[in-house]
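Each chain, written out:
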Amino acid sequence: MASTLSERQRDDLHKSILDYLNTGGFSKTFEQFKQELPSDFQPDLGQSSSGLLVKKWTSVIRMQKKIMDLESRLAQALEDNATMVHLPNGAGGKRYDADWIPTVGSAKHTLTGHRDSVNSVAFHPLYTVLATASDDCSVKIWDWETGELERTLKAHTKRVSDCQFNANGSMLVTCSYDLFIKLWNVENAYQNSATLRGHEHSISSARFLPGDEKILSSSRDHTLRIWEVSTTHCIKVISPHDEWIRCAVPSFDGRYILTCSADHTAKIVDAVSGEIKTEFRGHDNVVEAAQFCPPHAVAAIRELVALKAPSGAQAVGQASIVFAVTAARDKTVKIWDAVRGQCLHTLVGHDDWVRSIVFHPNGQFILTASDDHSFRVWDLKTGRCTRKIEAHERFVTSMTWGRQTVSQSGDKSDTPPPLVNVIATCSSDQTVKIWVPTR
């Protein structure tokens, strides 16, 4: 085969090979190769050929990775373009499309300002406001539409692990590894109005129970605690696990609590009696996140697992806990029968720990965020991963979905503005990204 290298390029290649063999300790091969070449090469770390072969090889690997990434983005862009053709209002209709799915190009803002990993994100229910909680001991408040930082809340002394607004947006709750839960009065310039004390180890999560009169928290002290907002008193302590409880979320009617733990299990607990109703066993590592299936997604999951809907009183009685979804460090997402505790389906595709679970508002998709720097979109009817978004440079620690009203310049009509889809993701790369449909 005729060589495509010039004489100088061949000489440089030979010297690079000799340098690699010499530095790698392949003395016999080095001497034999040197004898077959009309080269005056002498090993010298100061030469321009020193380490050149390794550098070229690593450059080729990086280039291949970039090419694969660009090919993936191009394929996704072509798919998005094909989808937009079928929208009734063209590209403009996508902004208010209820079935919108995020793409690489739909990241509107990258919010920077935190000095350490960002652990949680929460949308205000009424305004274009986003709260973010970080390892830098602070909570930041942003206008997600403009990307501007509005204020920084400093009261915690260790990692802030979770944050959430109540239903009307008048109060923000945060929790921290400093063992404290704090309430912030949104309407009074985010004044720290109360501090809840009682946990004996790092607090993992804090969520308002339906009605906003109580707060549910989980902790590394193996307990769940329910707090009364008006008195700031702890009114119930539940111990469903023997290991760190990573997260706890209430059902939509507040009757049940879904927990997940470092003991590789998730459980459904009666919020009043503290009785364990269901236990989910099947993950091979720490379970990081768990969510009840919302009512509008039940039909899609039934189709996925070919399960017929119950009828009559049974359907009504178990309406709040039909299915549950968990995500774990074993890189999988599992869908469970919330009554029987049976694993119905496992979503496999992530390359690292799975940290967060979000249901699409249309009930047809589920989104999961992972330490593999991406979040994925899964079709609930088929269980297939339909899209992978390379979201951050490091671990994607959490994500949340909002359907919110935004300002519309020049619109003076009396009709209320439509709701806009918006997603927020946060990462150990110290950034938060806002994902919205393109106009």
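In case you missed it, the structure is sitting above this.
Here is what the cut-offs are and how they apply
- Residues numbered from 1 in each chain as written.
- Predicted model: local features only at pLDDT ≥ 70, side-chain atom pairs only at ≥ 80, totals over all residues.
- Heavy atoms only, no water.
- Buried < 20%, exposed > 50% of the residue type's maximum accessible area, 1.4 Å probe, protein only.
- Helix = DSSP H or I, 4+ residues; strand = E, 2+ residues; numbered from the N terminus.
- Pairing = 2+ DSSP bridges.
- Axes fitted to C-alpha atoms, helices over the stretch in contact; angles between N-to-C directions.
- Parallel < 35°, antiparallel > 145°, perpendicular 65-115°, else oblique.
- Left-handed = near helix turned anticlockwise from the far one by under 90°.
- Contact = heavy atoms within 4.5 Å.
- Nonpolar A, V, L, I, M, F, W, Y, C, P; charged D, E, K, R; others polar.
- Core = buried A, V, L, I, M, F, W, Y, C linked by side-chain atoms within 4.5 Å.

Caption draft 1: Just helix H4 (residues 298-305), in detail. Listed as buried for H4 are Val 298, Ala 300, Ile 301, Arg 302 and Leu 304. Just past H4, the residue Ala 306 takes up positive phi, approximately 55 degrees.

Caption draft 2: How the structure looks around the pairing of strand E8 (residues 180-185). The pairing of strand E7 (residues 171-176) with E8 spans five bridges and is antiparallel. Its bridge partner being in E8, Thr 174 is matched across the sheet by Lys 182. Counted along the chain from E7 to the antiparallel partner E8, the turn is three residues long, and its residue Leu 179 has a positive phi close to 80 degrees. As defined by bridge partners, E8 adjoins strand E9 (residues 191-197) across six bridges and the pair is classed as antiparallel. Residue pairing in the sheet places Leu 183 in a bridge with Ala 194 of E9. Counting the residues that bridge the hairpin from E8 to E9 gives five residues, and of these Ala 189 lies at a positive phi of roughly 55 degrees.

Caption draft 3: View of the packing of helix H1 (residues 7-23) against helix H2 (residues 27-35). At a closest axis distance of 8 Å, the pairing of H1 and H2 adopts a crossing angle of 160 degrees. Regarding the angle of H1 to H2, the classification is roughly antiparallel. Here H1 and H2 pass one another in a crossing that is left-handed. Along its contact with H1, which presents His 14, Ile 17, Leu 18, Leu 21 and Asn 22, the element H2 presents Thr 29, Phe 30, Phe 33 and Lys 34. Among the residues forming the contact of H1 with H2, the class breakdown is five nonpolar, three polar and one charged.

Caption draft 4: Focus on the environment of Ile 434. Residue placement: Ile 434 occurs in strand E28 (residues 431-435). Considering only alpha carbons, one finds Ile 434 and Leu 111, 323 residues apart in sequence, at a separation of 7.9 Å. If sequence neighbours within four positions are ignored, Ile 434 has contacts with Ser 106, Ala 107, Lys 108, His 109, Leu 111, Leu 130, Trp 144, Val 422, Ile 423 and Ala 424.

Caption draft 5: Representation of the sheet that holds E8 within the structure. The strand order across the open sheet formed by four strands is E6-E7-E8-E9, and the pairing between neighbours is antiparallel. Two strands in the sheet have a free side with no partner beyond their single neighbour: strand E6 (160-165) and E9. Along the sheet, successive strands turn relative to each other by an average axial angle of 20 degrees, direction set aside.

Caption draft 6: How the structure looks around the nonpolar core. Counting residues in each nonpolar core, the largest one holds 20 residues, and the members touching the most others are Cys 293, Ile 301, Val 325, Phe 359, Ile 366 and Leu 380. Only H4, strand E19 (323-328), strand E20 (332-337) and strand E22 (354-359) provide two or more residues apiece to this core. Sort the elements by how many residues they give to this core and H4 lands first, with four residues. In this structure, Cys 260, Ile 268, Ile 321 and Ala 324 belong to the second largest nonpolar core, which totals 16 residues.

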